[in-house]
Amino acid sequence: YATAAASNANLDISGQAFTLEAWVKHDGASDPDAILVDKTDGRASTGGYELGLSGEGDEVQVYIDLPGVFSRVTSTRGLPEGRWMHVAATYDGNQVNLYLNGRLEGQTNAGSDLGANSLPLKIGTNTSASNAQFFSGQIDEVRLWSTSRSLLEIRENRFVRLAGNESNLEAYYDFNQPGTNEDQ
């Protein structure tokens with residue numbers, strides 16, 4: 001798993017605009033309810049965001065959770081074992097959307113501000129030492145935006161490797177490149 005420094009203010013998304021994207025390939029051996037990307041401590045009062053798998057096994061559903069904004073949204077279809085899938089979650093201040101490979105898989109209404117926190121960002125596990133919920137597989141191209149990207153933007157750009165300096169891109173983790181343990 002990977003940890004981004006808690007001191008990186010770009011990871012503290014607040015307000016009413018948010019997009020989180022990642023390419024995910026799970027191998028069926030993840031912990032139950034494994035975490036893909038986490039910046040929460042599980043309490044609504046601290047805000048943050050969490051993207052994870054719901055359940056366990058060879059085909060698992062994906063969820064997005066924004067504590068304090070709404071309850072969890074879970075995908076209608078699962079991620080098949082051994083296959084790369086693009087996962088994206090957006091929030092525009094009114095609606096939370098969850099996409100798999102550019103297709104809407106779940107949504108809910110919401111109307112609160114995202115709460116920023118000073119917790120570190122974890123990729124492949126959560127921030128709690130007592131219940132790590134490790135992901136088993138590969139995660140790549142994790143993108144955090146301070147804007148709600150449209151379905152068209154998600155579809156058209158999911159295969160595009162970013163430069164890392166795009167407008168409203170707050171964090172970008174491309175694990176294909178050497179030395180990617182630093183925030184871009």
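The paragraphs below set out a description of the structure included in this document. Since we're looking at a predicted model, the values are computed, not measured.

Reading the values: rules and limits
- Residues numbered from 1 in each chain as written.
- Predicted model: local features only at pLDDT ≥ 70, side-chain atom pairs only at ≥ 80, totals over all residues.
- Heavy atoms only, no water.
- Patch = residues over 30% accessible without salt bridge, like charges linked within 9 Å, V, L, I, M, F, W, Y side chains within 5 Å.
- Areas by Shrake-Rupley, 256 points an atom, 1.4 Å probe, with all protein chains shown as cover.
- Salt bridge = Lys/Arg side-chain N within 4 Å of Asp/Glu carboxyl O.
- Lys, Arg positive; Asp, Glu negative; His and termini not counted.
- Charge placed at Lys NZ, Arg CZ, Asp CG, Glu CD.
- Helix = DSSP H or I, 4+ residues; strand = E, 2+ residues; numbered from the N terminus.
- Pairing = 2+ DSSP bridges.
- Axes fitted to C-alpha atoms, helices over the stretch in contact; angles between N-to-C directions.
- Buried < 20%, exposed > 50% of the residue type's maximum accessible area, 1.4 Å probe, protein only.

1. Here we look at a negative patch on the surface
Then, number 1: Negative charge collects at one region of the surface, where Asp-27, Asp-58, Glu-59 and Glu-81 lie side by side.
Then, number 2: Secondary-structure assignment places Asp-27 in the loop between β2 (18-26) and β3 (35-38).

2. Remarks on the sheet that holds strand β4 (residues 50-54)
Then, number 1: Taken together, six strands build an open sheet; the order of strands is β1-β10-β3-β4-β5-β6 and the sheet is antiparallel. The sheet is open, and its two borders are formed by β1 (2-4) and β6 (73-80), each paired with just one other strand. Mean inter-strand twist for the sheet, computed between neighbouring axes without regard to direction, equals 20°.
Then, number 2: Here three bridges tie β1 to strand β10 (residues 121-123), and the two strands are oriented antiparallel to one another. Bridging across to β10, Thr-3 finds its partner in Lys-122.

3. Quick look at the pairing of strand β7 (residues 85-91)
Then, number 1: Across the seven residues that make up β7, a large majority, seven, are buried.
Then, number 2: The side-chain alternation of β7 yields two buried faces, one formed by Met-85, Val-87, Ala-89 and Tyr-91 and the other by His-86, Ala-88 and Thr-90.
Then, number 3: As paired strands, β2 and β7 are joined by seven bridges and run antiparallel to one another. Residue pairing across strands places Phe-18 opposite Tyr-91, the latter belonging to β7.
Then, number 4: The sheet contact formed by β7 and strand β8 (residues 95-100) spans five bridges and is antiparallel. Bridging across to β8, Ala-88 finds its partner in Tyr-99.
Then, number 5: What sits between the antiparallel neighbours β7 and β8 is a turn of three residues, in which Gly-93 has the positive phi angle 95°.

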